Every structure is written in structure tokens, then in C-alpha cells.
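Working through the structure, step by step
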Amino acid sequence: MKQKAADIKKMTENNRYKRQVKRYENWKMHHAVLTAAAIMFLMAGCGKEQEKPELPGGAYISDENTGDEAGDAMLDKNVPESEGQKEEVRNDNLQTYEEPSHVQDAGQLQTDGTWQNQTYMLEVPAGGRRLTESELKEYTNWVQEKSNYGFLLSDWENPTQINLFEVFYSGAGISHAGTEEQIQAFLNRYGQEELYTDFLVMDKADVNAFLAEKVGLSYEELLAKGNTSIEGIFYPETDSFCLEAGDTNYCMFICTDGVLNAEGTIVTLYFEGDYWVSKCETRVNIAGGTKSIIGNHIMEGSILDEVNEPVEEPSCLIDENVLNNPQFDANASAVENDYVTGDWSMITKEALQGTWYHHPKSEGESPRYDVALKFDGDNAAVYYPSVDFYAEEYYEWDVIDRSDRGLCPELAIYFRETKDAPLAWYILGISEDRSYFWCNGEVFYRQ
């Protein structure tokens, strides 16, 4: 279903990466559209006056029927305020371990290093032992390092299951400022004009060295084994991984219990976290005097909800055949490249019932700025990927007669649950057989 829409909206398997990409798309839409909208609020009607900034695909944010909230012409459509506008600031700086109150209150430390009355205790392996208090502090300090804590933010038994996006989200201690070329490649990919948060770059060579040290495999080897969790942030033109990020996934972990195996090579640690992960068991190989995480099991935490919650793809309200194979059979050559007015009395809601498709010829074969509109009675669905509409819900709509001002009709789609500042096209005419309508050279063909 809706293969073209799915291609445009394709994101990685990682849910938080999906959220980040969506945030980039929304930032792109809001930044570009709000800028255009601010200019277009002064725009009136159609005619030659409309040779002003418009949205890709020929639409405008209308100034018709606007109220006091007109300046909010295209507010965040998909991201709640807490996610799209506010970020909880967290301290990424490594701090010396201090015994937290919940650990201090857990009970009395026993001579064997265990906590009396502790609610969760690891089983000591045969011939092994429980870690001492000083060892627990050592592992607490160790896991807080940027190069380590990200491995605790996914549930995995082998390296192919590691969510590498979590590992590298805050740079993993190997990131650096981007070059102009790297920044521009990132901006080009997301259609942004500027950076909005911290910009992190990790050279592929550094990523390979890091992964070889931590898990014994290179990025290419992990990718070949099916781990695609950072494929979406790789830029082959600069041979680097780039992303905008804050410290929103940093999680403070406290090691409250740990056991060592009889060979003295593997420790199993119990961590309590303060954010995405609340409780987890982590296995670490310490053979040879180094520490290498070899598995992590998340027992409790909000991150499990993201992993386990099914990602529901809303149904597209426009038939997939229209999106994949739009028809442009009608002869609209008389109006395609010129300012031509038709009989405005023919432009009515009844005349526009059905599905219409527009492809800007200036874009060649690219579908990025294509628009599909479906009108079913009083319901309108909009497929408009360049500004983040995928025909997943119906909106109220209308055709506004403005002939008393000498202006052509306005097709208004009220996507904001209000009639303020609708998504609008100014229709100059419709063919007698209703096979196409046009908006100053932008032709929509009936499907």
C-alpha cells in the first residue's frame, strides 16, 4: 500500500531514530513553511499578485478566514510541544561517584560485599564471588563514560542486536565538529538551511576502530550481518556519520550489585538507571585487564515500551495506484505554461469531487513535490510529502467564492482544526469535462 509514500517516509528500524528523523522533517517543514507563511500573510487573492513565495507544489498558506492566531499558520502538526519544542537538559559530564540515597538506604553492607535487604540480588556463579563495594563504585564510574553507557540502552545478546544509534547518539567520545562539507551534506539531505542543535561527526575510520575495540567487529561487518541501526546517518560523500543531537538519551547508571565467575573473566553487573533504562543486567568480559561489554538485558525502563510497541502505519486514504501511477492524459497545454483564467462559476465543491494529482514539470522525474488531493463529500485528504502530509486523515474543506473582489476561487483545506490560515490553492479555471483544473500554470489532473 502507498509504495511511493512509504519510500519517502522510509526510516530505520530503531524507534528513537525514527523519532529523530521525523523531528528533522518537522523542523524542515516548520522552518521553511513558517518563513514563507510570514511573507504570505500580506498576500491577497490571486492574479498577478500571487507571483510571491509559495509552498512547493503550488500551495499557499491562505490569509483568508484568519483570526488572532494567523501567525501560527503551520504550527507543529505531528510533534507535541514537549518533544518538538522543549528538550530536557541533562548533564553529560562524567562525575565522580557519590553513593545515592536509594543505595545508602538499601541496607547495611555485609562482610561479603552484599547489601542486606536489597530488593534484587544476582546469583553468585559456582566458584565465583560477589563484587565489593569499591568494585561496584569502579563499575559505576566506568559505565558513565560516553564510550560505554550507550551499550546499555538496548537489549542484546550479540553485537548484531546492538542499537548502534544509541551508542553513537552523543558521540561515544569519538565525535568532532563537522567541516563545511559535512555540514552541507547533512543540510542537503534534510532540506534544511541551518543547524538547530549540536552537530556531531564521527569519521568512519574512528567508528571502525571503536567498534573493533568494543565488540570485535567493524561497521561493515555489522552491516553485513543485518545491523542497520546507523545506516541512516552515514554520508558516503564524506565517509562519516553525521547527526544533530543533544544529550536527551544520556542515562545515569548506578551499579548496585555484581558477581564474578570462577575463572575471573566475566562479571555480571546489575545497574539502576534514571531515565530510559531503570534496571538492567550487563555482562562484561574483563579478561586481559580490559573491560568489554558482551551482552545487556533490560529488565525495566521506558525504552522497552518503544521497542515492544508496534509501529502502526496509518492507512493512506488515497489509492496506491494513484500515488504510484498517476495519469496525465488530459490535454492541458493551453494553461500549463501561462496565466489563463477560466469560468470561475464552474469551480465548485461538487466539480472537485474525486482524486486529483499534480506533478511539477520543473522537478523532472522526482516525486518530492508531487501533490495528490482527494475530495469525498465534505472530507479532503492531502498527499503532500514535501510539507509532511501523507493522506492519513481527512480534513474539512471548502471552495471560497471571491468574485465580489475580482479574485478567483480559493480551495481551502482546514488542516489545523480551525478555519484560520488554511492550506490553499487559488484556482484559475477547470476544464469543461472536469478532467483537470489549474492554478496559475500548476495543473491538477483527475485520476
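The structure we're discussing is the one just above.
Attention here is on the structure that accompanies the text. Think of each chain on its own: its residues are numbered from 1, step by step along the sequence as written. Side-chain atom pairs in this predicted model are given and counted only at pLDDT of 80 or more, local residue features only at pLDDT of at least 70, and totals for whole chains, interfaces and linings cover all residues. Water and hydrogen atoms were dropped before computing side-chain values, which therefore reflect all heavy atoms in the structure.

Note: strands within a sheet are paired through backbone hydrogen bonds, in either parallel or antiparallel orientation. Strand order in this open sheet of three strands is β3-β5-β4, and the pairing throughout is antiparallel. The open sheet is flanked by β3 (198–203) and β4 (234–235), the only strands paired with a single partner. Here a strand pair is declared whenever DSSP counts at least two bridges between the two strands. Secondary structure elements follow DSSP: runs of H or I of four or more residues count as helices, runs of E of two or more count as strands, with numbering from the N terminus. In the sheet, β4 pairs with strand β5 (residues 240–245) via two bridges, with the strands oriented antiparallel. Bridging from a neighbouring strand, F234 pairs with F241 of β5. Whether two residues are in contact is decided by their heavy atoms: any pair within 4.5 Å suffices. For helices, the fitted line uses only the C-alpha atoms of the stretch in contact; every axis is such a line through C-alpha atoms, and the angle between N-to-C directions lies from 0 to 180 degrees. With respect to the sheet, helix α8 (residues 204–215) is in contact with β3, β4 and β5, its orientation differing from that of β3 by roughly 70 degrees.

A few words now on the nonpolar core. The term nonpolar core refers to a set of buried residues drawn from Ala, Val, Leu, Ile, Met, Phe, Trp, Tyr and Cys, joined through side-chain atoms within 4.5 Å. Partly exposed describes any residue whose relative accessible area lies between the buried limit of under 20% and the exposed limit of over 50%, with all areas from a 1.4 Å probe on protein chains only and scaled to the type maximum. Membership of the largest hydrophobic core comes to 49 residues, with the highest contact counts inside it found for F151, F168, L211 and F253. Among residues more than four places away in sequence, those in contact with L211 are L164, F168, G216, L217, S218, Y219 and L222. With 29 residues, the next largest nonpolar core counts A59, F389, I427 and F444 among its residues.

Attention now goes to empty space enclosed by the protein. A cavity here means a set of points on a 1 Å grid, drawn over the protein atoms and nothing else, where a 1.4 Å probe fits but cannot get out; a pocket is an open set with protein on both sides within 12 Å along at least five of seven lines, and a residue lines either one if it has an atom within 4 Å of a point. Grid points are joined across faces, edges and corners, and a volume is the space filled by probe spheres set on the points. A complete count under the given rule lists two cavities of 30 Å³ or more for this structure. If you add up the space inside the second largest cavity, you get close to 40 Å³. As for the second largest cavity, its lining consists of W142, N148, F151, K214, V215, K291, S292 and I293.

To continue, consider the pattern of salt bridges. Whenever Lys or Arg places a side-chain nitrogen within 4 Å of a carboxyl oxygen from Asp or Glu, that contact is recorded as a salt bridge. If you walk through the whole model with that rule in mind, you get 10 salt bridges. Between E157 and R283 there is a salt bridge, with its nearest N and O atoms 3.4 Å apart. With E157 in the loop between α5 (133–143) and α6 (164–168) and R283 in strand β8 (residues 279–285), the pair connects residues that are 126 residues apart, well separated along the chain.

Right, let's get into the environment of E133. Relative to the assigned elements, E133 resides in helix α5. Remark: the alpha-carbon pair of E133 and D257, spanning 124 residues in sequence, is separated by 8.6 Å.

Residues that lie three or four places apart on an α-helix share one face, since the helix turns once every 3.6 residues. The end-to-end C-alpha distance of α8, which contains 12 residues, comes to 16 Å, matching closely the 16 Å that a straight helix rising 1.5 Å per residue would cover. Those residues of α8 that are buried are in contact with α6, β3, α9 (219–224), β4, β5 and β9 (292–300). Just downstream of α8 lies G216, where phi reads positive at about 80 degrees. Each helix should span, by expectation, one fewer than its residue count multiplied by 1.5 Å.

On the basis of which strands lie adjacent, the open sheet formed by five strands has the order β2-β6-β7-β8-β9 and antiparallel pairing. Edge strands, defined here as strands with exactly one partner in the open sheet, are β2 (129–130) and β9. Note that strand β6 (residues 253–260) and strand β7 (residues 266–273) share seven bridges and pair antiparallel. Bridge pairing in β7 links V259 to T268.

Another aspect to go through is α5. Those residues of α5 that fall on the buried side of the exposure criterion are E135, L136, Y139, T140, W142 and V143. Take α5 and look down its axis: the buried residues cluster within an arc of 165 degrees, on one side only. Tucked inside the fold, the buried residues of α5 contact β2, β6, β7, β8 and β9. What the arc covers is the set of directions going from the helix axis to the C-beta atoms.

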